[in-house]
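# Coordinate analysis (summary)
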Amino acid sequence: DTGVSQNPRHKITKRGQNVTFRCDPISEHNRLYWYRQTLGQGPEFLTYFQNEAQLEKSRLLSDRFSAERPKGSFSTLEIQRTEQGDSAMYLCASSPGTSLETQYFGPGTRLLVL
Amino acid sequence: AQKVTQAQTEISVVEKEDVTLDCVYETRDTTYYLFWYKQPPSGELVFLIRRNSFDEQNEISGRYSWNFQKSTSSFNFTITASQVVDSAVYFCALRQETSGSRLTFGEGTQLTVNP
């Protein structure tokens, strides 16, 4: 299967802890996106990368959040000092970066902060 | 500003009924793209269709069809002869040319197809 993969699928943590999620995009897709989805809502954009460059960040991405894509392949999203309000599904998507620009999503990482 | 509205929060139908999911969008751009995604209980968003603002042709794919009308800023999705496997949350999304690559999603419509 060559779709977008995310690890872990589930994460339970205590408030104040740091967590890190990983996303592996579809091979040869040079754009990678992070979204957050809370219960009953549509996904909300967080940030996106073109290769290793982080080109756009949402205001939702507070200073406790950091994302990297060091070699233009996989990406990590870290949340420091987690808060209960960070509980959500974190979705990763990738796209080929052409005019077609369809984003294909991974299965998500569901975070629960206790 | 860009916005997507899916006014139907939940729809419940009996198998084999036809069902239409509504999507209304707002954008100031002349170039934009509209999408529909399906999110089954497993959680993964599955891409269904992309439409650009210059292509108002309706599209049919099997039991699925989409009606794009710029005059009413709507991009509605119809499932014909619904099946239990169609049960999912369906999201409409918009990408406008001046907002980079971000997608703006509606709040989704939970479709339940009962046997």
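Keep in mind it's a predicted model, so treat the numbers as computed, not measured. (Residues numbered from 1 in each chain as written. Chains lettered and ligands numbered in written order. Predicted model: local features only at pLDDT ≥ 70, side-chain atom pairs only at ≥ 80, totals over all residues. Heavy atoms only, no water.)

A word on the interface of chain A and chain B. Taken together, the 25 residues of chain A in the interface contact 20 residues of chain B. Taken together, both faces of the contact between chain A and chain B bury some 1700 Å²; the carbon and sulfur share is 48%. Contact with chain B buries surface across chain A, with A:Pro43, A:Thr102 and A:Phe105 losing the most and accounting together for 26% of the total. For the pair chain A and chain B, the interface holds one salt bridge. Between A:Glu56 and B:Arg102 there is a salt bridge; the shortest N-O distance is 2.7 Å. For the interface between chain A and chain B, the tally reads seven residue pairs in polar contact (both at pLDDT 80 or more). (Contact = heavy atoms within 4.5 Å. Buried area = accessible area lost by both parts, 1.4 Å probe. Salt bridge = Lys/Arg side-chain N within 4 Å of Asp/Glu carboxyl O. Polar contact = N/O pair within 3.5 Å; in protein donor to acceptor, adjacent residues only side chain to side chain.)

It is worth spelling out a nonpolar patch on the surface at this point. Together, A:Ile12, A:Leu112 and A:Leu114 give the surface a local cluster of nonpolar side chains, amounting to about 300 Å² of exposed area. A:Leu112 gets classed as partly exposed once you look at its relative accessible area, which sits at 39%. (Patch = residues over 30% accessible without salt bridge, like charges linked within 9 Å, V, L, I, M, F, W, Y side chains within 5 Å. Areas by Shrake-Rupley, 256 points an atom, 1.4 Å probe, with all protein chains shown as cover. Buried < 20%, exposed > 50% of the residue type's maximum accessible area, 1.4 Å probe, protein only.)

Further remarks concern the state of the cysteines. Residue and element names in this part refer to chain A. By the definition in use, this model includes two disulfides over all chains. Covalently, Cys23 is tied to Cys92 through a disulfide, its sulfur atoms 1.8 Å apart. Residues Cys23 and Cys92 are joined through a disulfide that is left-handed, its torsion about the S-S bond being -70°. In this pair, Cys23 sits in strand β3 (residues 19-24) while Cys92 sits in strand β9 (residues 88-95), placing the two residues 69 residues apart along the sequence. For Cys23, a relative accessible area of 0% puts it in the buried group. (Disulfide = S-S within 2.5 Å. Helix = DSSP H or I, 4+ residues; strand = E, 2+ residues; numbered from the N terminus.)

On to the pairing of strand β8 (residues 75-79) of chain A. Residue and element names in this part refer to chain A. Taken across its five residues, β8 has four buried, putting it largely inside the fold. The pairing of strand β7 (residues 65-68) with β8 spans four bridges and is antiparallel. Residue pairing across strands places Ser66 opposite Glu78, the latter belonging to β8. From the end of β7 to the start of β8, which pair antiparallel, there are six residues, and Gly72 there has a positive phi angle of about 75°. (Pairing = 2+ DSSP bridges.)

A few words now on unusual backbone geometry. For the peptide bond that leads from A:Asn7 to A:Pro8, omega is -10°, which places it in the cis range. Of note in the backbone geometry, A:Arg81 takes a positive phi value of approximately 50° without being a glycine. For A:Arg81, a relative accessible area of 46% translates into the label partly exposed. Unusually for a residue other than glycine, B:Lys16 sits at a positive phi of about 85°. Mapped onto the elements of the fold, B:Lys16 is located in the loop between β2 (10-14) and β3 (19-21).

Residues and elements named next belong to chain A. The four strands lie next to each other as β1-β3-β8-β7, forming an open sheet whose pairing is antiparallel. Of all strands in the sheet, those with a lone pairing partner are β1 (5-7) and β7, marking the two edges. Going from strand to strand, the sheet's axes swing by 15° on average, the running direction of each strand aside. (Axes fitted to C-alpha atoms, helices over the stretch in contact; angles between N-to-C directions.)

What follows covers the pattern of salt bridges. The final tally for this structure, using the stated rule, is seven salt bridges over all chains. The shortest N-O distance in the salt bridge between A:Asp86 and A:Arg64 comes to 2.8 Å. One end of the pair, A:Asp86, is in the loop between β8 and β9; the other, A:Arg64, is in the loop between β6 (53-57) and β7, with 22 residues separating them in the sequence. For B:Glu59, the salt bridge goes to B:Arg51, with nearest N and O atoms at 3.0 Å. With a relative accessible area of 30%, B:Glu59 lands in the partly exposed category. When salt bridges with common partners are traced through the structure, they connect A:Arg64, A:Glu83 and A:Asp86 into a single cluster.

Before going further, it helps to examine the layout of surface pockets. Any empty space left between the atoms is revealed when a probe the size of a water molecule rolls over them. When its volume is computed, the largest pocket comes out at roughly 570 Å³. Lining the largest pocket are 28 residues, with A:Gln37, A:Thr38, A:Leu39, A:Gly40 and A:Gln41 sitting closest to its centre. Broken down by class, the residue content of the lining of the largest pocket amounts to ten nonpolar, 14 polar and four charged. Computed from the structure, the second largest pocket encloses a volume of approximately 430 Å³. In this structure, the second largest pocket is lined by 17 residues; those nearest its centre are A:Glu44, A:Phe45, A:Leu60, B:Arg102 and B:Thr104. (1 Å grid on protein atoms, 1.4 Å probe; cavity = no way out; pocket = protein on both sides within 12 Å on 5 of 7 lines; lining within 4 Å. Points joined across faces, edges and corners; volume = space filled by probe spheres on them. Nonpolar A, V, L, I, M, F, W, Y, C, P; charged D, E, K, R; others polar.)

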